[in-house]
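Each chain is listed here by its residues.
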Amino acid sequence: MKCRRLILSGLALLYLSILLAGCQLQGKNESVDGNGMADSAAIVDWSNSMSGQTPEQDDPARLVIVANANDGVFLNSTLVDFNRENPQYSVTLEMAEENSEMFRTRIMADIMAGGGPDILCVSPEDMEILAQAGALVDLEQLISGETLEMLLPGVLQMGRCGGRFMGVAPQVMTETLITSDSTWTEDSWTLEDFLTLAEQKEGLEGLLTYGSVDMSERNVLLNLVGRDLENSRFLDMENGISRFEQEDFMRVLEIIKQYTSNSASSYVDGDKRVAEGTYLAEYRRIFSPLEFYNMNADIDGGGHVVGFPTASGSGSYIGDRGLLVVNAKSEKLESVTAFLEYLLSFENQSALELGSLSVRSDMADRLVVYFDALDSYGWQGKTGVLLLASRADGTTYTEEYNDYLQSCVPVKDVSPIFEIIWDEAQSYFAGAKDALTVTRAIDNRVQVYLDERK
């Protein structure tokens, strides 16, 4: 059915593109209820070569990609359009082809020394380093209040450092778990909820699954414990106390070993596993609105988003693909401000249809359109239309989509403490040590780690 849906969606997209170009097909908006020197790093300047224009400014603002930005595709296309539509400004794009770490080191050093590019696309870690050094501009001084109000809560959270909004993601992705209504009815769960369910559920064959492959022991452990580790009952971060033995971490290890195998299957049907209740949840990563609507259609009437186990709050996560920060020493703030507003505008963000999600909260309400000719809803983006899966009764999942994005919180990096846990846990999963011995080893090593940081 998934394959058939993808084929039909592709054919429908082609049909709609022709129809829209030739007939200006009209739709009605849906109403929703509720690094080294220059010679050691090859630098690519895309924006001018692709736009076919020579910037009117002799000294354009520079945007340099230091961290992952989905290969810079969206930023580059945005720059091309921005420079074409705003000839009074000019922004160029640079990134490293080789020696990326050396390139990053050089750019960071330039910024720290009071030079460097005007805008950077960096990792959250580098954003924090630069912000703490006073090298960045608070973006609330540049981006209008109207635009800020449209940004998703998770986007605002991930860009905050020391109470100030220091970085903004141009595009995002999300990840979560889905479960069957017959397995769990609530919209979230704690680790204790999950473990108790695993112990009591009849016919259980596994804990977590991917859509088409099995999940390894490491990833099951990471998704159950590692994502919200600092807030778990196993750690008292405020007082620097490890409680893995005291809080019966061996129970976690035993349940994972009982229901998880590292022997990879050639293909599995994750949807079926969850629907039949033989697995508690399925991992989903969402890169586009189409994926979210299809996911809900796969579990229509029988499942829902539940997120990863957390001590409190949402267990669905939103991840950046690099954060844009602005050099406090920039002399091109007028161009920078205009570019950021353009980047975050509804019109520009509507180009994000596949591969990434928009950072704005108003996209679905404005882009989900009903097409009479096809008796179907579609996502009418900047470059075309994507047919959206609907419920059996013909209604859409737009309300669920909006609620989901509003609930997502910034994803956290894998903690060094989790790496200690996994380093010791492997011996238990391999059958070399018992669970209690491994739990005590974890407890002792984590306590040493915490003591060293007091």
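Above this note sits the structure.
Residues numbered from 1 in each chain as written. Predicted model: local features only at pLDDT ≥ 70, side-chain atom pairs only at ≥ 80, totals over all residues. Heavy atoms only, no water.

1. Regarding helix α3 (residues 73-85)
Reasoning step 1: Across its 13 residues, α3 extends 18 Å between first and last C-alpha, which sits within 8% of the 18 Å expected from 1.5 Å per residue.
Reasoning step 2: Of the positions making up α3, those classed as buried are Phe74, Leu75, Asn76, Thr78, Leu79, Val80, Asp81, Phe82 and Asn83. (Helix = DSSP H or I, 4+ residues; strand = E, 2+ residues; numbered from the N terminus. Expected span 1.5 Å × (residues − 1). Buried < 20%, exposed > 50% of the residue type's maximum accessible area, 1.4 Å probe, protein only.)

2. Let's talk about helix α13 (residues 333-343)
Reasoning step 1: When α13 is considered as a whole, its buried residues turn out to be Ser335, Val336, Ala338, Phe339, Leu340, Tyr342 and Leu343.
Reasoning step 2: Those residues of α13 hidden inside the fold are in contact with β3 (61-65), α3, β4 (91-96), β5 (119-122), β15 (323-326) and α14 (346-349). (Contact = heavy atoms within 4.5 Å.)

3. Examining the pattern of salt bridges
Reasoning step 1: Using the criterion set out here, one finds 29 salt bridges in the structure.
Reasoning step 2: Across the salt bridge formed by Arg285 and Glu175, the nearest N and O atoms sit 3.7 Å from each other. Of this pair, Arg285 sits in strand β12 (residues 279-286) while Glu175 sits in strand β8 (residues 172-180), placing them 110 residues apart in sequence.
Reasoning step 3: Taking the shortest distance from any N to any O, the salt bridge between Arg243 and Asp236 comes out at 3.5 Å. (Salt bridge = Lys/Arg side-chain N within 4 Å of Asp/Glu carboxyl O.)

4. Some details on the packing of helix α10 (residues 249-259) against helix α17 (residues 416-429)
Reasoning step 1: Axis separation between α10 and α17 bottoms out at 11 Å; the angle between their running directions is 55°. When the interaxial angle is binned, α10 and α17 end up oblique. As for the relative orientation of α10 and α17, their crossing is right-handed in sense. Contacts between α10 and α17 involve Phe249, Leu253, Glu254, Ile256 and Lys257 on the former and, on the latter, Ile421, Ala425, Tyr428 and Phe429.
Reasoning step 2: Among the residues forming the contact of α10 with α17, the class breakdown is seven nonpolar, no polar and two charged. (Axes fitted to C-alpha atoms, helices over the stretch in contact; angles between N-to-C directions. Parallel < 35°, antiparallel > 145°, perpendicular 65-115°, else oblique. Left-handed = near helix turned anticlockwise from the far one by under 90°. Nonpolar A, V, L, I, M, F, W, Y, C, P; charged D, E, K, R; others polar.)

5. Re the side chain of Ser376
Reasoning step 1: Counting through the fold element by element, Ser376 comes out in strand β17 (residues 376-380).
Reasoning step 2: Aside from chain neighbours lying at most four places away, what touches Ser376 is Val369, Tyr370, Phe371, Leu387 and Leu388.

6. Some words on the packing of α3 against α13
Any two packed helices are characterised by how steeply their axes cross, that is the angle between the axes, and by the distance between the axes.
Reasoning step 1: Direction vectors running N to C along α3 and α13 enclose 115°, while the axes themselves pass 10 Å from each other. Seen along the crossing, α3 lies across α13 with a hand that is right-handed. Contact with α3, carried on its side by Phe74, Leu75, Thr78, Leu79, Asp81, Phe82 and Glu85, involves Ser335, Ala338, Phe339, Tyr342 and Leu343 of α13 and no other residues of that element.
Reasoning step 2: Residues of the contact of α3 with α13, tallied by class, amount to eight nonpolar, two polar and two charged.

7. Let's talk about the pairing of β12
Reasoning step 1: For β12, a buried count of seven out of eight residues is recorded, marking the element as mostly surrounded by other parts of the structure.
Reasoning step 2: The pairing of β8 with β12 spans five bridges and is antiparallel. When the sheet's bridge partners are listed, Leu177 is paired in β12 with Tyr283.
Reasoning step 3: The pairing of strand β9 (residues 206-209) with β12 spans three bridges and is classified as parallel. Note that in β12 the partner of Leu208 across the bridge is Ala281. (Pairing = 2+ DSSP bridges.)

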